[in-house]
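Residue-level listing of the chains:
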Amino acid sequence: MTAKTENIVILTGSGVSAESGVATFRDKDGIWAKYDYRDVATPEGFAANPDLVHSFYNDRRRKLPSVEPNAAHIALAELEAGLAARGGGLTLVTQNVDDLHERAGSKNILHMHGELGKATCARCGAVCDCVEDLSVDHGCSVCRQNGGMRPYVVWFGEMPRFMDEAMDAILRADLFVSIGTSGSVYPAAGFAGEARAAGVRAMELNLEPSENAYVFEDSRYGPATKVVPDWVREILG
Ligand code: BV8
C-alpha cells in the first residue's frame with residue numbers, strides 16, 4: 001500500500017502554457033529561435049540596449065490579456081484545493097512569468113523567474129504592478145526617478161527568487177513533479193536531483209522526455225492539457 005500523496009511540489013515551465021498560445025523558449029519556433037537570450041534576458045543585454053529589451057518584454061506583456069489558462073492550469077488549481085481539503089498541501093514553483101496559474105485559481109505560487117505583470121526600479125528597488133509598456137523614460141512611482149525601471153524578471157546570471165522556500169518545500173514533500181519544462185535552465189533543472197537525493201519521489205509530465213528525464217522515477221508524456229488533468233484525477237481519486 002503506497003502512502004497517500006499529501007504534500008506535493010510542482011515545478012512548471014513554458015510547456016504548461018504552450019496550449020494557451022504562450023510561446024515556449026527552446027521548441028523549434030520558440031523565443032530563443034527568434035532572439036539571442038544574451039541580448040534580451042541578461043543584465044548585460046539590458047545595459048547595452050534597453051530599448052530592445054523593453055520591446056521584447058512589452059510584446060510579451062501585451063499578449064497576456066488575450067491568452068487564457070488551459071486545462072492543465074485549471075487542474076493544478078483543483079489539485080491545490082483538493083489536497084488542502086484533505087489536510088495536504090501544494091507548492092507551485094513556476095519558471096513562467098505569465099499569470100495563467102493565478103488566473104486558473106492557484107494560490108501558493110512561487111514565481112522563481114519573476115513576473116511579466118510587474119516592474120522594478122533599479123534606483124530604489126520598488127516593485128510595482130505593470131500592465132503598460134515600459135521604456136527608458138518610465139518614471140518610478142515610488143522614488144520618482146526616471147530611467148531605472150526594468151521588467152521584474154530574473155535574467156541569466158541573476159539569482160532566482162524564492163530559492164529557500166522552494167528547497168524547503170521540496171525537502172518536506174512526498175512528491176516532486178516537473179511539468180512542461182526542458183530541464184535546461186538551472187538551478188530549476190536541479191530541483192529533481194535535489195528531491196531524489198532527499199528521498200522524495202520525482203515525476204515528469206512533459207510533451208517529450210526533458211534533458212534531465214533520467215532523474216525521474218516516473219513520467220507521463222503528452223500534451224499538458226491531457227496528461228496533467230489525468231494525473232490530477234488519479235491523485236485526487
Ligand atoms: C543563476 C527570464 C546564479 C524571464 C529566464 C548551474 C547552476 C546554476 C546556474 C547555472 C548552472 N549552469 C548554468 C547556469 C547559468 C544559467 C543557466 O541555467 N544556463 C543554461 C542555459 C545552461 N542559469 C542562470 O543564469 C540562473 N541564475 O544561476 O544565478 C547566481 C548565483 C549567485 C548570485 C547570482 C546569480 C537564472 C536563470 C533564469 C533565466 N531567466 N527567463 C523570461 O524572459 O521569461 S530562463 C527561461 O528558461 C524561462 O524562465 C523559462 O521558463 C526557462 C526554462 O525554459 P522552459 O520553461 O523549460 O521552456 P523550454 O522552451 O526550454 O521547454 C519547454 C518544454 O515544454 C519542452 O520540454 C517541451 O517539450 C515542453 N512542451 C512544449 N509544449 C508542451 C510541452 N509540454 C507539455 N505540453 C505541451 N503542449
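Each value, and the rule that gives it
- Residues numbered from 1 in each chain as written.
- Predicted model: local features only at pLDDT ≥ 70, side-chain atom pairs only at ≥ 80, totals over all residues.
- Heavy atoms only, no water.
- Near = heavy atom within 4 Å.
- Polar contact = N/O pair within 3.5 Å; in protein donor to acceptor, adjacent residues only side chain to side chain.
- Areas by Shrake-Rupley, 256 points an atom, 1.4 Å probe, with all protein chains shown as cover.
- Nonpolar A, V, L, I, M, F, W, Y, C, P; charged D, E, K, R; others polar.
- Domains from an automatic or database assignment.
- Contact = heavy atoms within 4.5 Å.
- Buried area = accessible area lost by both parts, 1.4 Å probe.
- Salt bridge = Lys/Arg side-chain N within 4 Å of Asp/Glu carboxyl O.
- Helix = DSSP H or I, 4+ residues; strand = E, 2+ residues; numbered from the N terminus.
- Buried < 20%, exposed > 50% of the residue type's maximum accessible area, 1.4 Å probe, protein only.
- Core = buried A, V, L, I, M, F, W, Y, C linked by side-chain atoms within 4.5 Å.
- Phe/Tyr/Trp six-rings, centres within 6.5 Å; stacked < 30°, edge-to-face > 60°.
- Lys NZ or Arg CZ within 6 Å of the ring centre and 35° of its normal.

Chemist: Go over the site of the ligand, please, and point to the residues and values.
Modeler: Looking at the ligand, there are 36 residues lining it, with F25, R26, H113, T181 and S182 nearest. In this structure, an oxygen atom belonging to the ligand sits 2.7 Å away from a main-chain N or O atom of F25. Across the complex, the protein chains shield 77% of the 1500 Å² of accessible surface that the ligand would expose by itself. When its residues are assigned to classes, the shell around the ligand shows 16 nonpolar, 14 polar and six charged.

Chemist: With reference to specific residues and values, describe the domain arrangement of the protein.
Modeler: Examined at the domain level, the protein breaks down into domain 1 (7-21 + 69-113 + 160-236) and domain 2 (23-66 + 114-153). For domain 1 versus domain 2, the separation of C-alpha centres amounts to 25 Å. Of the residues lining the interface, 17 residues belong to domain 1; the matching set on domain 2 comes to 13 residues. Interface area, domain 1 with domain 2, both sides summed: about 1100 Å², of which 50% is carbon and sulfur. On the domain 1 side of the interface with domain 2, the three residues burying the most area are S14, V97 and R161, jointly 42% of the side's total. There are zero salt bridges connecting domain 1 and domain 2. At the boundary of domain 1 and domain 2, one finds five residue pairs in polar contact (both at pLDDT 80 or more). Class assignment for the residues of the side of domain 1 that touches domain 2 results in four nonpolar, eight polar and five charged.

Chemist: Would you mind going over the pattern of salt bridges in detail, with residue names and values included?
Modeler: According to the stated counting rule, one finds 13 salt bridges in the structure shown. Across the pair D230 and R233 runs a salt bridge whose closest N-O atoms are separated by 2.6 Å. Residue D230 and its partner R233 are both found in helix α9 (residues 224-236); the two are separated by three residues, about one turn of the helix. D230 gets classed as partly exposed once you look at its relative accessible area, which sits at 27%.

Chemist: For the nonpolar core, give the residues involved together with the corresponding values.
Modeler: Across soluble globular proteins, nonpolar side chains show a tendency to be buried alongside one another. Judged by nonpolar contacts, the single largest core of 22 residues is most densely connected at I8, I10, L79, V177, V228 and W231. Those elements that provide at least two residues to this core are β1 (7-12), α5 (71-85), β2 (89-94), β7 (175-179), β8 (201-206) and α9. Here this core gets six residues from one element, more than from any other, and that element is α9. Of all hydrophobic cores here, the second largest spans 20 residues; its members include V9, V93, M167 and A169.

Chemist: Which residues make up the packing of aromatic side chains, and what values do they have?
Modeler: Counting across every chain of the model gives nine aromatic pairs. Here W32 and F56 contribute two aromatic rings whose centre-to-centre distance is 6.2 Å and whose plane-to-plane angle is 20°, an arrangement assigned as stacked. Here F56 lies in helix α4 (residues 50-63) and W32 lies in helix α1 (residues 31-34), a separation of 24 residues in the sequence. Since its relative accessible area comes to 2%, F56 is described here as buried. Feature note: the residues F25, W32, Y35, Y37, F46, F56, Y57, W155 and F156 constitute an aromatic cluster, connected by ring pairs. Positioned above the aromatic ring of W155, the side-chain terminus of R150 is 3.8 Å from the ring centre.

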